[in-house]
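Observations on the model geometry
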Amino acid sequence: MSDSAVMLISGTRKGIGRHLAETYAARGWQVIGCSRKPSDLTHPNYRHFCLDVNDEAAVQAMLAEIRKTYARLDALINNAGIAALNHALLTPIETARRIFETNVIGTFLLCREAARLMQKRKWGRIVNFSSVAVPLDLEGEAVYAASKAAVETLTRILGRELAPLGITVNAVGPTAVRTDLVEAVPEIKLQALLARQAIPRLGEFADIVNVIDFFLRPESSLITGQVIYLGGV
Amino acid sequence: MTLAEIQALVLEAVEEWNQQADEAQRLEAALETRLLGRNSKLDSLGLVNLIVLVEEKIADRYDRRLTLADERAMSQERSPFRSVQSLAEYVHLLLTENQP
């Protein structure tokens, strides 16, 4: 069994996921990352898998490999997600399906397979990704926000179902962070979003790491099924 | 694969379960051991764990990924999860009828 704690992070090729992979690998975690395309992140503590998070066979094969190599999984960060900013009347159904496949099915599948491995040691920390788009009911993000609302419900119910197995399940709801996902949002929309926050600034990677660190701490063993939003939403 | 091999596989899963289970839920590694109902020592979460272990062993040994607790299993008049023997028979059926 691996001596160092093992963390699986989805969507590590760029943006928040990439930053999380670098941060936790540097801190001594054994980090397993995945994304559809290859990653150029090289670190002795980092290993990458190319897969779609909604591909059941590929996700199962990755978890089987983690089980055989490390015999443990301590944390799962369900970061992979896609968004599309569009008026509901103009949103193609294929886009809606794609968003639900990645954000909801992908999150559920990784939770299910990760928890199977985590429960062997009666220990696990799962952190899902919601968004301030859920409580703010952001116009133009109907399908994205609906998918993240589904992630919040998954988080609460899995928190209950996995509690007897020693696994906590929580979610972080970031505000906008300057990544590719937010790049497409017009400046005026971004300013309108910030105006609705108690603390009107964009999120930084460090703000997200801070919330994840809180959920990961051994002292957070009584915290499950919770969603923490950034920005005072 | 033969039924005897699958029976051995399910019994291995039972032994692995016993290593992680509380004493009250440890099972006798025998074909007639009950997994469901009043005569079973397993609670519902214990049964879930045992099924996960069996699925894992099937994947490792035969490179096949079965979902044991699917609609078909749930809709059977007699649950395939009632004993070690019936579980082994159900796994054997699934593996042999869907051979690639």
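**Regarding the overall build of chain B**
Along the backbone of chain B there are 4 helices and 0 strands. Seen in sequence order, chain B has helices and strands lined up from the N terminus as α-α-α-α. In chain B, which comprises 100 residues, the share counted as buried stands at 26%.

**Comments concerning helix α8 (residues 205-216) of chain A**
Taking 1.5 Å per residue as the helical rise, α8 of chain A with its 12 residues ought to reach 16 Å, and the 16 Å between its terminal C-alpha atoms agrees with that figure. Here the buried face of α8 of chain A lies against α1 (15-26), β4 (75-78), β5 (124-129) and β6 (167-173) of chain A.

**Digging into the environment of Leu94 of chain B**
Looking at the secondary structure, you find Leu94 of chain B in helix α4 (residues 84-97). Remark: the alpha-carbon pair of Leu94 of chain B and Leu66 of chain B, spanning 28 residues in sequence, is separated by 7.9 Å.

**Considering the confidence of the model for chain B**
Looking at chain B as a whole, its pLDDT mean stands at 93, while 97% of the residues score no less than 70. The element-level mean pLDDT for chain B is lowest in helix α3 (residues 71-75) of chain B, coming to 84, with helix α1 (residues 3-20) of chain B highest at 96.

**Structural notes on the interface of chain B and chain A**
Counting residues at the interface gives 6 residues for chain B, matched by 7 residues for chain A. When the residues that make up the side of chain B that touches chain A are grouped by side-chain class, the tally is 3 nonpolar, 2 polar and 1 charged.

**Structural notes on the packing of helix α3 (residues 93-118) of chain A against helix α5 (residues 142-162) of chain A**
Residues and elements named next belong to chain A. The interhelical angle for the contact between α3 and α5, taken along N-to-C directions, is 15 degrees, at an axis separation of 9 Å. Looking at the two axes, α3 sits roughly parallel to α5. α5 is crossed by α3, and the crossing has right-handed handedness. Residue-level contacts link Ala96, Ile99, Phe100, Asn103, Val104, Thr107, Phe108, Cys111 and Ala115 of α3 to Val143, Tyr144, Ser147, Lys148, Ala150, Val151, Leu154, Leu158 and Leu162 of α5. Of the residues in the contact of α3 with α5, the class split is 14 nonpolar, 3 polar and 1 charged.

**Points about the packing of helix α2 (residues 56-70) of chain A against α3 of chain A**
All names here are of chain A. Contact pair α2 / α3: the axes reach a minimum separation of 10 Å and the direction vectors enclose 25 degrees. What the angle tells us is that α2 and α3 run roughly parallel. For α2 against α3, the interelement crossing comes out right-handed. In contact with Glu56, Val59, Gln60, Leu63, Ile66 and Arg67 of α2, α3 contributes Leu109, Leu110, Glu113, Ala114 and Leu117. Of the residues in the contact of α2 with α3, the class split is 7 nonpolar, 1 polar and 3 charged.

Basis of the calculations
- Residues numbered from 1 in each chain as written.
- Chains lettered and ligands numbered in written order.
- Predicted model: local features only at pLDDT ≥ 70, side-chain atom pairs only at ≥ 80, totals over all residues.
- Helix = DSSP H or I, 4+ residues; strand = E, 2+ residues; numbered from the N terminus.
- Buried ≥ 20, exposed ≤ 12 C-beta atoms within 10 Å, placed from the backbone.
- Expected span 1.5 Å × (residues − 1).
- Contact = placed C-beta atoms within 7 Å.
- pLDDT = per-residue confidence, 0-100.
- Nonpolar A, V, L, I, M, F, W, Y, C, P; charged D, E, K, R; others polar.
- Axes fitted to C-alpha atoms, helices over the stretch in contact; angles between N-to-C directions.
- Parallel < 35°, antiparallel > 145°, perpendicular 65-115°, else oblique.
- Left-handed = near helix turned anticlockwise from the far one by under 90°.

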